[in-house]
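Listed below are the residues making up each chain.
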Amino acid sequence: METYVFDGSLEGLLTAIFEFYERKPKSIALVSKQHFEPLLLTEVFEVVSDEPKARRVWEGMRKKIGSDWLLRFYKAFLSEQPVMFQQLFVFACYIFDNPKGAEQNFGHPAVIAVTQMERSVSRERHRMKAFIRFQETIDGIFYAPVEPDYNVLPLIGTFFKNRYADQRWMIYDLKRKYGLYYDLQSVTEIVLEQLPETKSAAYLKKDLLHDKEQLYGLLWQDYFKSTNIPARKNMKLHIRHVPKRYWKYLTEKLPDPDAYF
Amino acid sequence: MSERIREKLHILADAAKYDVSCSSSGSNRKNTNKGLGDANGSGICHTYTEDGRCVSLLKILLTNHCIFDCAFCVSRKSNDIKRAAFTVDEVVELTMGFYRRNYIEGLFLSSGIFKNADYTMERLVRIAKKLRLENKFNGYIHLKTIPGASQELLTEAGLYADRMSINLEMPTESGLKLLAPEKSHDDVKMPLGFIKDSIIALKDERKIIKHVPKFVPAGQSTQMVVGATPETDMEIMYSANEYYKNYDLKRVYYSGYIPISYDDRMPIIGTQPPLLRENRLYQTDWLMRFYGFDVHELLNTKNPHLDVDIDPKLSWALRNMDQFPIDVNTADYRMILRVPGIGVGSAKKIVMARKFGRLRSDQLQKIGIAYNRAKHFIRCADSIFQRNEPEPMHVKGLILSESNSKYLKVPQNQLSLF
């Protein structure tokens, strides 16, 4: 078995699929450079990302499975999970080697794997839509730091653009060190040389914040408490819906309001 | 200034929290004017309270002053509590400020009745109008319909709101009369019917004229309190079914009564709210709306109460063992949906996947069905031939021994009669 090593990009993954059909080895293992550990006896083929090749595979898949499924494929890719790369490869081959409609075979392991991962990524995307909390800065930019489990920023740009069309905003993925910035016209990807100064993990220093920010933070915390019904308390359910790893950035879950403002 | 607004928010959010609806879905209001917000598409729960309920909207009363004295309501006239009222601008500012920070999907605005119905409704409409027209707010707005408000005001409200709702309060007329003699279900039916007819009329108009204004695009909902009065589950769900059918409601909410009064007509303060019963009612509601069940199959004079220890779908299946087992490789989608342990998503996947070959149990498990529950009701490619008809009580025992319901630890305040 040959091991195909690609650069971790979608283009690279698609190129690998192209090369597989071009070179026709019996079977391959697909690994990204980042996760590749060379062993003595593995035969290695280095995939060189190539746009035209990638595009041909992409369009070929579109013809077979349509845009909806193509988006699912892309979402599963954004999981960045090493095992997923191999599954996506198997899925693509299964699609190409069978007549149209094969993606609906939920009895097939690769179809199931892609579907499950796509759901997982979608869930994380949905959580970002819900749990992102903006802080208004003195220069009027609404800033939100995030650390999503998967690389979901490419999936939420349009959503926030439609929603906050009249305010400038920035969502920054601290884990992957890039962000989205909306300047009232369009959303662009940005990389900050230096992150803004923070007081706690999530909160900007007071002199960077707009005057009203503190009051809104407090009002939201108050509201969160007032709207709770203590007689129905159910912390297990609460934590299932709002997992603890997200609390760090949730205004309503910060312990002491004075500590961060 | 900031202390006063904090106090008001505390009082008026606290008074509004017994209204359980927090849905922000079902609308189609897009941000086309480069304003703030977009209420197009699925709803979002921005956080959950410690009782596990979704927080999607800023849910407040405009005021908790009220001329009525309904026994089940914290804001009743005779209750000795702090009163407050927001100004129109305060509500608008709070909504905009919260929305900009992505705390909420929009506003849920209700109110105690001060002076009279029209006076109150007019204030609610004024806030919605200001948000839409002056602040270009396209987020979700849920307005309460005030019983007795004029049709002109309801029509205007419908132009700015995404959803409107009016609460039945008690599942039956007699229950309502017991606790709120001044109120009647007819006060609810009239506006529900009027808004429903207006929605239909505008839909028809839209077929002819392109630019017809939006009118309550996310439809109407209602709520009834459960456990304050002695209705059976059957009475409750028959009532819900009637309102779903007659008024085209998007949702009926069931709110387990939380004792807030020493009134001896109702459960005393400190009594546990009937959370499990509430959950079973919602399960029944879902079976009616998404699983093709008729309410009479689930509840009838033979079975006027939902089982406490098992969910209504399993309960129905055990009462109808003659219809099982079904072969998932050949059965109708309709029947697959009725198998305990198989949901809508899995049922659809099964129907698609079986075109590629007969499904085995390992595939069914991967598809995501609750196999340990479903296995008693289905056959698949690798099922072993079974000679004996399964005995319902035996199956129930097997399923119960394997599952540990989250509710078994919750103290029960509903005793069974037998």
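Residues numbered from 1 in each chain as written. Chains lettered and ligands numbered in written order. Predicted model: local features only at pLDDT ≥ 70, side-chain atom pairs only at ≥ 80, totals over all residues.

A word on the nonpolar core
(1) Moving on: Membership of the largest hydrophobic core comes to 167 residues, with the highest contact counts inside it found for Leu88 of chain A together with Ala128 and Ala157 of chain B.
(2) Moving on: Here the element with the most residues in this core is helix 4 (residues 109-131) of chain A; it accounts for 9 residues.
(3) Moving on: The residues touching alanine 157 of chain B, leaving out its near neighbours within four places in the chain, are Met121, Leu124, Val125, Ala128, Leu143 and Met164 of chain B. (Core = buried A, V, L, I, M, F, W, Y, C linked by C-beta atoms within 7 Å. Buried ≥ 20, exposed ≤ 12 C-beta atoms within 10 Å, placed from the backbone. Helix = DSSP H or I, 4+ residues; strand = E, 2+ residues; numbered from the N terminus. Contact = placed C-beta atoms within 7 Å.)

Brief notes about the interface of chain B and chain A
(1) Moving on: Across the contact, 43 residues belong to chain B and 40 residues belong to chain A.
(2) Moving on: Of all the elements in the fold, those that place two or more residues in the side of chain B that touches chain A are helix 1 (2-16), strand 3 (47-48), strand 5 (57-61), helix 2 (88-100), helix 12 (344-353) and helix 13 (361-367) of chain B.
(3) Moving on: Element by element, the count of residues in the side of chain B that touches chain A is highest for helix 1 of chain B, at 6 residues.
(4) Moving on: Here the residues of the side of chain B that touches chain A are counted per class, giving 18 nonpolar, 13 polar and 12 charged. (Nonpolar A, V, L, I, M, F, W, Y, C, P; charged D, E, K, R; others polar.)

Things to note about the sheet that holds strand 5 of chain B
Note on sheets: strands pair through backbone hydrogen bonds, and any given pair is parallel or antiparallel.
Residues and elements named next belong to chain B.
(1) Moving on: The strand order 5-6-7-8-9-10 describes an open sheet built from 6 strands, whose pairing is parallel. The open sheet is flanked by strand 5 and strand 10 (251-256), the only strands paired with a single partner. In this sheet, adjacent strand axes meet at a mean angle of 20° when their direction is disregarded.
(2) Moving on: Pairing between strand 8 (residues 163-165) and strand 9 (residues 220-226): 2 bridges, direction parallel. Opposite serine 165, over in strand 9, you have serine 221 as the bridge partner.
(3) Moving on: In the packing of helix 3 (residues 117-134) onto the sheet, contacts are made with strand 6 (106-110) and strand 7 (140-144), and the angle to strand 7 comes to roughly 170°. (Pairing = 2+ DSSP bridges. Axes fitted to C-alpha atoms, helices over the stretch in contact; angles between N-to-C directions.)

What to know about the domain arrangement of chain A
How big an interface is tends to be reported as the loss of accessible area on association of its parts.
All names here are of chain A.
(1) Moving on: Along its sequence, chain A is organised into domain 1 (2-123) and domain 2 (132-260).
(2) Moving on: Between the C-alpha centres of domain 1 and domain 2 there is a distance of 34 Å.
(3) Moving on: Contact with domain 1, which involves 5 residues of that partner, is made by 5 residues of domain 2.
(4) Moving on: Within the side of domain 1 that touches domain 2, the residues separate by chemical class into 2 nonpolar, 1 polar and 2 charged. (Domains from an automatic or database assignment.)

Some thoughts on the pairing of strand 1 (residues 2-6) of chain A
All names here are of chain A.
(1) Moving on: Judged from the 4 bridges that link them, strand 1 and strand 3 (residues 43-46) form a sheet pairing that is parallel. The partner of valine 5 across the bridge, within strand 3, is glutamate 46.
(2) Moving on: Regarding topology, helix 1 (residues 10-23) serves as the crossover connection from strand 1 to the parallel strand 2 (residues 28-32), and that connection is right-handed. (Right-handed = clockwise from strand over helix to strand, strands pointing away.)

Focus: the packing of helix 7 (residues 233-247) of chain B against helix 8 (residues 275-290) of chain B
Residues and elements named next belong to chain B.
(1) Moving on: As a packed pair, helix 7 and helix 8 sit with axes 11 Å apart at the nearest point and diverge in direction by 40°. It follows that helix 7 is oblique to helix 8 by the angle criterion. Of the two elements, helix 7 crosses helix 8, and the hand of that crossing is right-handed. In contact with Asp233, Ile236, Met237, Ala240 and Asn241 of helix 7, helix 8 contributes Leu281, Thr284, Asp285 and Met288.
(2) Moving on: Tallied by class, residues from the contact of helix 7 with helix 8 come to 5 nonpolar, 2 polar and 2 charged. (Parallel < 35°, antiparallel > 145°, perpendicular 65-115°, else oblique. Left-handed = near helix turned anticlockwise from the far one by under 90°.)

Thoughts on the domain arrangement of chain B
(1) Moving on: When its domains are assigned, chain B resolves into domain 1 (2-218) and domain 2 (312-402).
(2) Moving on: Taken over C-alpha atoms, the centre of domain 1 of chain B sits 43 Å from the centre of domain 2 of chain B.

Re helix 1 of chain A
All names here are of chain A.
(1) Moving on: The end-to-end C-alpha distance of helix 1 is 20 Å, a good match for the 20 Å that 14 residues give at a rise of 1.5 Å each.
(2) Moving on: All buried positions along helix 1 are accounted for by Gly12, Leu13, Leu14, Thr15, Ala16, Ile17, Phe18, Glu19 and Phe20.
(3) Moving on: A positive phi of about 50° marks lysine 24, the residue just after helix 1. (Expected span 1.5 Å × (residues − 1).)

Comments concerning the sheet that holds strand 1 of chain A
Residue and element names in this part refer to chain A.
(1) Moving on: The parallel open sheet is built from 3 strands, whose spatial order is 2-1-3. Two strands close off the open sheet at either side, each with one partner strand: strand 2 and strand 3. When the angles between neighbouring strand axes are averaged without regard to direction, this sheet yields 30°.
(2) Moving on: Helix 1 contacts strand 1 and strand 2 of the sheet and is inclined by roughly 145° relative to strand 1.

Here's the deal with helix 2 (residues 51-77) of chain A
Residue and element names in this part refer to chain A.
(1) Moving on: In this model, helix 2 (27 residues) spans only 17 Å end to end at C-alpha, well below the 39 Å of a helix rising 1.5 Å per residue.
(2) Moving on: Among the residues making up helix 2, those that are buried are Ala54, Val57, Met61, Ile65, Trp69, Arg72, Phe73, Lys75, Ala76 and Phe77.
(3) Moving on: Along its buried surface, helix 2 packs onto helix 1, helix 3 (82-97), helix 4 and helix 5 (153-163).

What about the confidence of the model for chain A?
(1) Moving on: Considering every residue of chain A, the mean pLDDT works out to 93; 97% of them sit at 70 or more.
(2) Moving on: The secondary-structure element of chain A with the lowest mean pLDDT is helix 8 (residues 257-260) of chain A, recorded at 56, while strand 7 (residues 178-182) of chain A shows the highest, at 98. (pLDDT = per-residue confidence, 0-100.)

Here's the deal with the environment of aspartate 139 of chain A
Residue and element names in this part refer to chain A.
(1) Moving on: Examined against the element boundaries, aspartate 139 turns out to sit in the loop between strand 4 (135-136) and strand 5 (141-146).
(2) Moving on: On the neighbour-count criterion, aspartate 139 (9 C-beta atoms within 10 Å) is exposed.
(3) Moving on: The spatial distance from the C-alpha of aspartate 139 to the C-alpha of phenylalanine 20 is 52 Å, given a sequence separation of 119 residues.

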